[in-house]
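Survey of secondary and tertiary structure
Here is what each chain is made of, one letter per residue.
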2 protein chains.
Amino acid sequence: MRVGELSKRSGVPIPTIKYYLREGLLPAGAATAANQADYGDEHLRRLLLIRALIDVGGVSVASAREVVTALGTYADDPLELLGAAQSAVTPRHRPDRETPEWQAAKQRVLDLIAARGWLVYPLSPSIDLVADALTAAASLGATELFDNLGQYADSAASLAAAEVRTVLERPDPAARMELVVLGTVLGEALFSALRQLAHQHESARQIGIPEAPPQKNPGIAQ
Amino acid sequence: MRVGELSKRSGVPIPTIKYYLREGLLPAGAATAANQADYGDEHLRRLLLIRALIDVGGVSVASAREVVTALGTYADDPLELLGAAQSAVTPRHRPDRETPEWQAAKQRVLDLIAARGWLVYPLSPSIDLVADALTAAASLGATELFDNLGQYADSAASLAAAEVRTVLERPDPAARMELVVLGTVLGEALFSALRQLAHQHESARQIGIPEAPPQKNPGIAQ
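Procedures and definitions
Residues numbered from 1 in each chain as written. Chains lettered and ligands numbered in written order. Predicted model: local features only at pLDDT ≥ 70, side-chain atom pairs only at ≥ 80, totals over all residues. Heavy atoms only, no water. Helix = DSSP H or I, 4+ residues; strand = E, 2+ residues; numbered from the N terminus. Rg over C-alpha atoms; globule rule 2.2 N^0.38 Å. Buried < 20%, exposed > 50% of the residue type's maximum accessible area, 1.4 Å probe, protein only. Areas by Shrake-Rupley, 256 points an atom, 1.4 Å probe, with all protein chains shown as cover. Lys, Arg positive; Asp, Glu negative; His and termini not counted. Charge placed at Lys NZ, Arg CZ, Asp CG, Glu CD. UniProt positions renumbered as here; feature names shortened; annotations may be inferred. Pairing = 2+ DSSP bridges. Axes fitted to C-alpha atoms, helices over the stretch in contact; angles between N-to-C directions. Parallel < 35°, antiparallel > 145°, perpendicular 65-115°, else oblique. Contact = heavy atoms within 4.5 Å. Salt bridge = Lys/Arg side-chain N within 4 Å of Asp/Glu carboxyl O. Least-squares fit on C-alpha atoms with pLDDT ≥ 70 in both. Domains from an automatic or database assignment. Buried area = accessible area lost by both parts, 1.4 Å probe. Polar contact = N/O pair within 3.5 Å; in protein donor to acceptor, adjacent residues only side chain to side chain. Nonpolar A, V, L, I, M, F, W, Y, C, P; charged D, E, K, R; others polar. Phe/Tyr/Trp six-rings, centres within 6.5 Å; stacked < 30°, edge-to-face > 60°. Core = buried A, V, L, I, M, F, W, Y, C linked by side-chain atoms within 4.5 Å.

1. Section: the overall build of chain A
A tally of regular secondary structure across chain A gives nine helices and two strands. Against the 2.2 N^0.38 benchmark of 17 Å for 222 residues, chain A shows a C-alpha radius of gyration of 22 Å, more extended than a compact globule. When the 222 residues of chain A are sorted by exposure, 52% land in the buried category. When the accessible surface of chain A is split by element, carbon and sulfur atoms take 53% of a total near 9900 Å². Here chain A carries 21 positive and 26 negative side-chain charges, and the mean point of each set is 7 Å from the other.

2. Quick notes on the UniProt feature "domain: HTH merR-type" (unreviewed entry) in chain A
Under the UniProt annotation, the feature "domain: HTH merR-type" (unreviewed entry) is placed at residues 1-70 of chain A. The span residues 1-70 of chain A is 61% helix and 10% strand, and its two end C-alpha atoms sit 26 Å from each other.

3. Notes on unusual backbone geometry
Positive phi, close to 65°, is recorded for A:N35, a residue that is not glycine. Position of A:N35 among the secondary structure elements: in the loop between β1 (30-33) and β2 (36-38).

4. A closer look at the pairing of β1(A)
Residues and elements named next belong to chain A. Bridge analysis of β1 against β2 gives three bridges, and the strand direction is antiparallel. Within β2, the residue paired with A31 across the bridge is A37. Here β1 folds back onto β2 in antiparallel fashion, the turn holding two residues, of which N35 has a positive phi close to 65°.

5. Here we look at the packing of helix α5 (residues 78-88) of chain A against helix α9 (residues 173-207) of chain B
Where α5(A) meets α9(B), the closest approach of the two axes is 10 Å, and the angle between their N-to-C directions is 170°. Relative to α9(B), the element α5(A) lies roughly antiparallel. For the pair formed by α5(A) and α9(B), the contact residues are A:P78, A:L79, A:L82 and A:Q86 on the first element and B:Q196, B:H199, B:Q200, B:S203, B:A204 and B:I207 on the second.

6. A look at the pattern of salt bridges
In this structure the tally under the stated criterion is 22 salt bridges over all chains. Put simply, B:E23 and B:R65 hold a salt bridge, and the shortest N to O gap is 3.2 Å. You can see B:E23 sitting in helix α2 (residues 14-23) and its partner B:R65 sitting in helix α4 (residues 61-73), a full 42 residues away along the chain. Under the relative-accessibility criterion, B:E23 is labelled partly exposed at 29%. Put simply, A:R97, A:K106, A:D128 and A:D132 are held in one network by salt bridges that share partners.

7. A short note on the relation of the copies chain B and chain A
Once chain B is rotated about the relating axis by 180° and shifted along it by 0.0 Å, it coincides with chain A to within an RMSD of 0.0 Å. These values place the two chain copies in the arrangement generated by a two-fold rotation axis. No C-alpha of chain B lies nearer the rotation axis than that of B:S155, which sits 2.8 Å from it.

8. Points about the domain arrangement of chain A
Residues and elements named next belong to chain A. If you check the domain split of chain A, you get domain 1 (3-56) and domain 2 (100-205). In this complex, domain 1 contributes five residues to the contact, which on the side of domain 2 involves six residues. Buried area between domain 1 and domain 2, summed over both chains or domains, comes out near 490 Å², and the portion from carbon and sulfur atoms is 74%. Taken as a group, L49, L53 and V56 account for 69% of the area that domain 1 buries against domain 2, more than any other trio of residues on that side. Joining domain 1 to domain 2, the criterion identifies one salt bridge. Measuring nitrogen to oxygen at the nearest pair gives 2.5 Å for the salt bridge that ties E178 to R45. Linking domain 1 with domain 2 are one residue pair in polar contact (both at pLDDT 80 or more), by the criterion used here. A class-by-class count of the residues in the side of domain 1 that touches domain 2 yields four nonpolar, no polar and one charged.

9. What to know about the packing of aromatic side chains
Residues and elements named next belong to chain B. Evaluated as defined, the whole model comprises five aromatic pairs over all chains. For the ring pair Y19 and Y20, a centre distance of 6.0 Å and an interplane angle of 45° mean the geometry is tilted. Residue class for Y20 comes out buried when judged on its relative accessible area of 2%.

10. Focus: the interface of chain B and chain A
Accessible area lost on assembly of the parts is the figure often given for the size of an interface. In this assembly, 103 residues from chain B lie in contact with 103 residues from chain A. Each partner contributes to the roughly 9800 Å² buried at the junction of chain B and chain A, and carbon and sulfur atoms together form 68% of this total. On the chain B side of the contact with chain A, B:L119, B:Y121 and B:L140 bury the most area, a combined 8% of that side's loss. For the pair chain B and chain A, the interface holds four salt bridges. We note a salt bridge from B:R170 to A:E144, for which the minimum N-O separation is 2.7 Å. Summed over the shared surface of chain B and chain A, the result is 29 residue pairs in polar contact (both at pLDDT 80 or more). Among the residues making up the side of chain B that touches chain A, the classes are represented as 61 nonpolar, 27 polar and 15 charged.

11. Points about the environment of A:L48
By the secondary structure assignment, A:L48 is in helix α3 (residues 41-56). Since its relative accessible area comes to 21%, A:L48 is described here as partly exposed. When the C-alpha positions of A:L48 and A:S139 are compared, they lie 41 Å apart, and in sequence the two are 91 residues distant. If near-sequence neighbours (up to four positions away) are discounted, A:L48 is found in contact with A:S10, B:S139 and B:L140.

12. Points about the side chain of B:S126
Assignment of secondary structure puts B:S126 in helix α7 (residues 125-139). In terms of polar contacts, B:S126 uses its side chain to reach the side chain of A:Q196, at 2.8 Å.

13. Observations concerning the nonpolar core
Core analysis: the biggest nonpolar cluster contains 141 residues, and A:L190, A:L194, A:L197, B:W118, B:L190, B:L194 and B:L197 have the highest contact counts within it. Those residues in contact with A:L190 that lie beyond four places of it in its chain are B:V130, B:A133, B:L134, B:F146, B:L149 and B:Y152.

Structure follows, in structure tokens:
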């Protein structure tokens, strides 16, 4: 198909498609004439994947490129691909990790991992990210937020077990790898939004519903 | 304290503090002389909060400003403050929501909310975000990822119930409001990182551990 048809079927504007081509997120089409190229279903699919990562997952263009590159590079190494997808949804700045408070928080995470027998790389950046959140809460006197770290770990473990099972049900390895990426990025976006709804519900339930809802929100469901 | 002491105690470089002052994230100190100001513990605390939002929560500077502004504006309206904190951790781009597929996904979310009796605003952006994730997965033929939407809702509900309970245990309303913000942003960062660890564990467990771990990861814990 021509680029106009690709744009129409994907809902992505032509200038954006050209930008993705220049930036290497989308492979070039087959040249058919000067300034003309033919695109296939694999381009359409790749475009939908890029838009899912960027629009729904909140991933940057640079991180989306890393993920699609990883999809090609680690076509038969699910653990490496998982690392690339996880890194794409992870903030880039890093707080100070040289403090004794941070080291103690990290030890708490390592103890949790050991107690549960979780099979993870000891140098995994995710361990440091948990320690970052614990340290930030402690520095603001909010340690009670994560007193019950085990409950977060329980929820994460039961969701992850189901998600990995779903991925392994796919017989085709290439399709399976795409599901790893989608499960990581879309699963995080979906859970984050459901958690927001659950917070609204629990706040309304435990605090009580305000008599008149704010003007921009015309009513309370249910 | 002087700005140098504020920088030392917060770990935030002086140019960054000046940037936050210019951008309105940090209130001005009390002027003591030309080009000199005195800062108090409330400035230190605000700086730690800003760094927690940006470094650990991955929130942009603009969104962090919205959150600290909301902390002042909605000092006695926890539901409005919750909305501001939630919006800060939400990606800005929006996929196409005019399609029948998206409308069907949204209906599925509304049905879930109704079935559970969740008290949420029917116009809440979080409802649309869940529908975004469902639609993106469906457009890539990955509907099986979210076949079990109820399991995600269960996990979100049990975490949110505990989190709101923790917040309400604080007697001081101002301290309570800060906990709403920290719980939303840090709780999301913490859960996301734990979910990544759980994915690594479940992948290793269900697929099997590779014989030689990749070079950049020197070993498998536990």
